[in-house]
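One-letter residues, chain by chain:
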Amino acid sequence: MRDAKPPVVESGSLTSEQMALVLGHLPVDVSVMDAQHVLVYWRGPTFDDCDDEYIGRHVDDCHAPASRTYIARMIDEFTAGTRDEAVFWDVEDGHQKVTRYAALRDADGTYRGMMETIVDVTALEGYKGRGNDLDG
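Every value quoted in this text rests on a predicted model; they were computed, and no experiment measured them.

1. A closer look at the overall build of the protein
- Check the secondary structure of the protein and you find two helices and five strands.
- Listing the helices and strands of the protein from first to last along the sequence gives α-β-β-α-β-β-β.
- Viewed in the frame of its principal axes, the protein has a C-alpha envelope of about 50 × 40 × 30 Å.
- Evaluated residue by residue, the protein yields a buried proportion of 26% over its 136 residues.
- Within the structure as shown, the protein displays about 9,800 Å² of accessible surface, and the carbon and sulfur contribution to it stands at 53%.
- Distance between charge centroids for the protein: 7 Å, based on 13 positive and 26 negative side chains.

Spelled out as structure tokens, the structure:
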């Protein structure tokens, strides 16, 4: 799987404040686990009802028991390098959501952790054809 890494296109730099602004405006909720699978960061409405005490805890402590089998399998496959992503989707509170887990690897391909992104795609249903009118 490591050969399938997408090219990294990066130019310029951002301050911490700019990065916080960028992340705050992306239409995605994000959580990040380090290489030991300890939750180190999250942002977005998905985590509004989560206690900050979960930061610094193992990812198992942050998920329902029913999903821990999937989490353990992802961890095993991500760390072994046999998988780089896993995608799930479901309807939650009337909203269609897509959750993607991605292995975080450095330039040498060394596993550095896992990122979870959650996107509410409910509104995308209305985007068909072309929409380029600034007023709506």
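Now that the structure is up, let's keep going.
2. What about helix α2 (residues 68-80)?
- A rise of 1.5 Å per residue sets the reference length of α2, with its 13 residues, at 18 Å; its end C-alpha atoms lie 18 Å apart and thus fit the reference within 8%.
- Those residues of α2 lying buried are I71, M74, I75, E77 and F78.
- For α2, the secondary structure elements touched by its buried residues are β3 (85-92), β4 (95-105) and β5 (111-120).
- Just past α2, the residue G81 takes up positive phi, approximately 80°.

Rules behind the numbers
Residues numbered from 1 in each chain as written. Predicted model: local features only at pLDDT ≥ 70, side-chain atom pairs only at ≥ 80, totals over all residues. Heavy atoms only, no water. Helix = DSSP H or I, 4+ residues; strand = E, 2+ residues; numbered from the N terminus. Buried < 20%, exposed > 50% of the residue type's maximum accessible area, 1.4 Å probe, protein only. Areas by Shrake-Rupley, 256 points an atom, 1.4 Å probe, with all protein chains shown as cover. Lys, Arg positive; Asp, Glu negative; His and termini not counted. Charge placed at Lys NZ, Arg CZ, Asp CG, Glu CD. Expected span 1.5 Å × (residues − 1). Contact = heavy atoms within 4.5 Å.

In short, geometric facts, not functional conclusions.
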